[in-house]
Amino acid sequence: MHVPTSGKTGLPAADPDLGRLRDFVRAFAAGLDEPIEARARLLRDLVARDDWLPAEYAEPDPARYRQYLLHCDSAGRFSVVSFVWGPGQRTPIHDHRVWGLVGVLRGAEIVQPYRRGPDGSLLPASAAQRLEAGEVDIFGPDIGDIHSVANAHADRVSVSIHVYGANIGAVERATYDEAGREKRFVSGYANRSLPNLWDRS
């Protein structure tokens, strides 16, 4: 489910404003009982400005996309992750098994949703959707949870911010081939440190 953008301003900052991420985490935690569309608006507001993500959580890898943990709720109710896509990088077809939101911070993504056919194979559920910077997408087991995602650009990095209804790096999920056969995996994270959101010195 696509949430319209409210516009895009700003450039990556040399001195990131972590207060934006801290305020987002607090507001998101306080609004977990709100409809997911309301939470999507919080993410849309966060990705509308590109002045808060520290450079170490936007580093691409030449071999594959990277997933950096930015925050995990202490009760595991949600996690905030930056996905960094090198030129042309893409995921396999995969699921999440929890609700999720994706907001594009830099560049653009192509999202292809899938559905199961009568024989269990995976078929495109609709046309692929292009998400530009500032735009947000919603997914989950009740509205469609299987998709593939790709960097829309063949010549530059894209970065998106994902919010999931669990500690997604610890959730057992699956990738799929087009016949619908699954391969279980636990993604983990690329980073070994977290942004320090709480130091105001």
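Structure: above.
Residues numbered from 1 in each chain as written. Predicted model: local features only at pLDDT ≥ 70, side-chain atom pairs only at ≥ 80, totals over all residues. Heavy atoms only, no water.

(A) Quick peek at the overall build of the protein chain. Along the backbone of the protein chain there are two helices and 13 strands. For 201 residues, the compact-globule estimate of 2.2 N^0.38 gives 17 Å, and the C-alpha radius of gyration of the protein chain, at 16 Å, lies within 12% of that figure. Considered along the principal axes of its C-alpha atoms, the protein chain spans approximately 60 × 40 × 35 Å. The buried share among the 201 residues of the protein chain stands at 51%. Considering only residue pairs separated by 6 or more positions, the protein chain has 76% of its internal contacts joining residues 24 or more positions apart. In the protein chain, the 24 positive side-chain charges and the 27 negative ones have mean positions that sit 1 Å from each other. (Helix = DSSP H or I, 4+ residues; strand = E, 2+ residues; numbered from the N terminus. Rg over C-alpha atoms; globule rule 2.2 N^0.38 Å. Buried < 20%, exposed > 50% of the residue type's maximum accessible area, 1.4 Å probe, protein only. Contact = heavy atoms within 4.5 Å. Lys, Arg positive; Asp, Glu negative; His and termini not counted. Charge placed at Lys NZ, Arg CZ, Asp CG, Glu CD.)

(B) Layout of the packing of aromatic side chains. On inspection of all chains with the given rule, the structure shows eight aromatic pairs. Taken together, the aromatic side chains of F24, F28, F78 and W99 make up a single cluster linked through ring pairs. Above the ring of W99, the side-chain terminus of R39 is found at 4.8 Å from the ring centroid. Taking the ring centre of Y65 as reference, the NZ or CZ of R64 above it sits at 4.6 Å. (Phe/Tyr/Trp six-rings, centres within 6.5 Å; stacked < 30°, edge-to-face > 60°. Lys NZ or Arg CZ within 6 Å of the ring centre and 35° of its normal.)

(C) How the structure looks around the environment of R184. Secondary-structure assignment places R184 in strand 13 (residues 182-185). A residue is classified by how much of its surface remains accessible, and R184, at 43% relative accessible area, is partly exposed. Considered as a pair, R184 and L42 are 142 residues apart in the sequence and their alpha carbons are 31 Å apart. Among the polar contacts made by the side chain of R184, one reaches the side chain of E172 at a distance of 2.8 Å. A distance of 2.4 Å separates polar atoms of two side chains, one belonging to R184 and the other to E182. (Polar contact = N/O pair within 3.5 Å; in protein donor to acceptor, adjacent residues only side chain to side chain.)

(D) Representation of the environment of F24 in the model. In this fold, F24 is placed in helix 1 (residues 18-30). Between the alpha carbons of F24 and F78 there is a distance of 12 Å; along the sequence they are 54 residues apart. If we ignore the near neighbours within four places in the chain, the residues touching F24 are L42, L43, L46, V80 and V163.

(E) How the structure looks around helix 1. For helix 1, with 13 residues, the first-to-last C-alpha span of 19 Å sits near the 18 Å given by 1.5 Å per residue. All of the buried residues in helix 1 are L18, G19, L21, R22, F24, V25 and F28. Where helix 1 is buried, its residues meet helix 2 (36-47), strand 2 (66-72), strand 3 (79-85), strand 5 (100-106) and strand 11 (158-164). (Expected span 1.5 Å × (residues − 1).)

(F) Up close: the packing of helix 1 against helix 2. The interhelical angle for the contact between helix 1 and helix 2, taken along N-to-C directions, is 180°, at an axis separation of 10 Å. Classified by the interaxial angle, the pair formed by helix 1 and helix 2 is roughly antiparallel. Each of R20, L21, F24, A27 and F28 in helix 1 lies in contact with helix 2, whose residues at this interface are R39, L42, L43 and L46. Each residue belonging to the contact of helix 1 with helix 2 can be placed in one class, and the counts come to seven nonpolar, no polar and two charged. (Axes fitted to C-alpha atoms, helices over the stretch in contact; angles between N-to-C directions. Parallel < 35°, antiparallel > 145°, perpendicular 65-115°, else oblique. Nonpolar A, V, L, I, M, F, W, Y, C, P; charged D, E, K, R; others polar.)

(G) Just the nonpolar core, in detail. Among the nonpolar cores identified, the biggest contains 28 residues, and L21, F24, L43 and I161 are the most heavily contacted of them. The set of elements that each furnish at least two residues to this core consists of helix 1, helix 2, strand 2, strand 3, strand 5, strand 9 (136-139) and strand 11. The residues contacting I161, other than those within four sequence positions of it, are L43, L46, V47, W52, L70, V80, V81, S82, L101, V102, G103 and L105. (Core = buried A, V, L, I, M, F, W, Y, C linked by side-chain atoms within 4.5 Å.)

(H) Spatial organisation of unusual backbone geometry. The phi dihedral of R97 falls on the positive side, at around 70°, and the residue is not glycine. Summarising the element assignment, R97 is placed in the loop between strand 4 (93-94) and strand 5.

(I) Broad picture of the pairing of strand 6 (residues 108-116). As paired elements, strand 6 and strand 8 (residues 129-132) share four bridges and run antiparallel to each other. Across the sheet, residue I110 finds its bridge partner in strand 8, namely R130. Pairing between strand 6 and strand 10 (residues 147-151): five bridges, direction antiparallel. Opposite Q112, over in strand 10, you have S148 as the bridge partner. Relative to strand 7 (residues 122-124), strand 6 runs antiparallel, the two being bridged by three bridges. Note that in strand 7 the partner of Y114 across the bridge is P124. (Pairing = 2+ DSSP bridges.)

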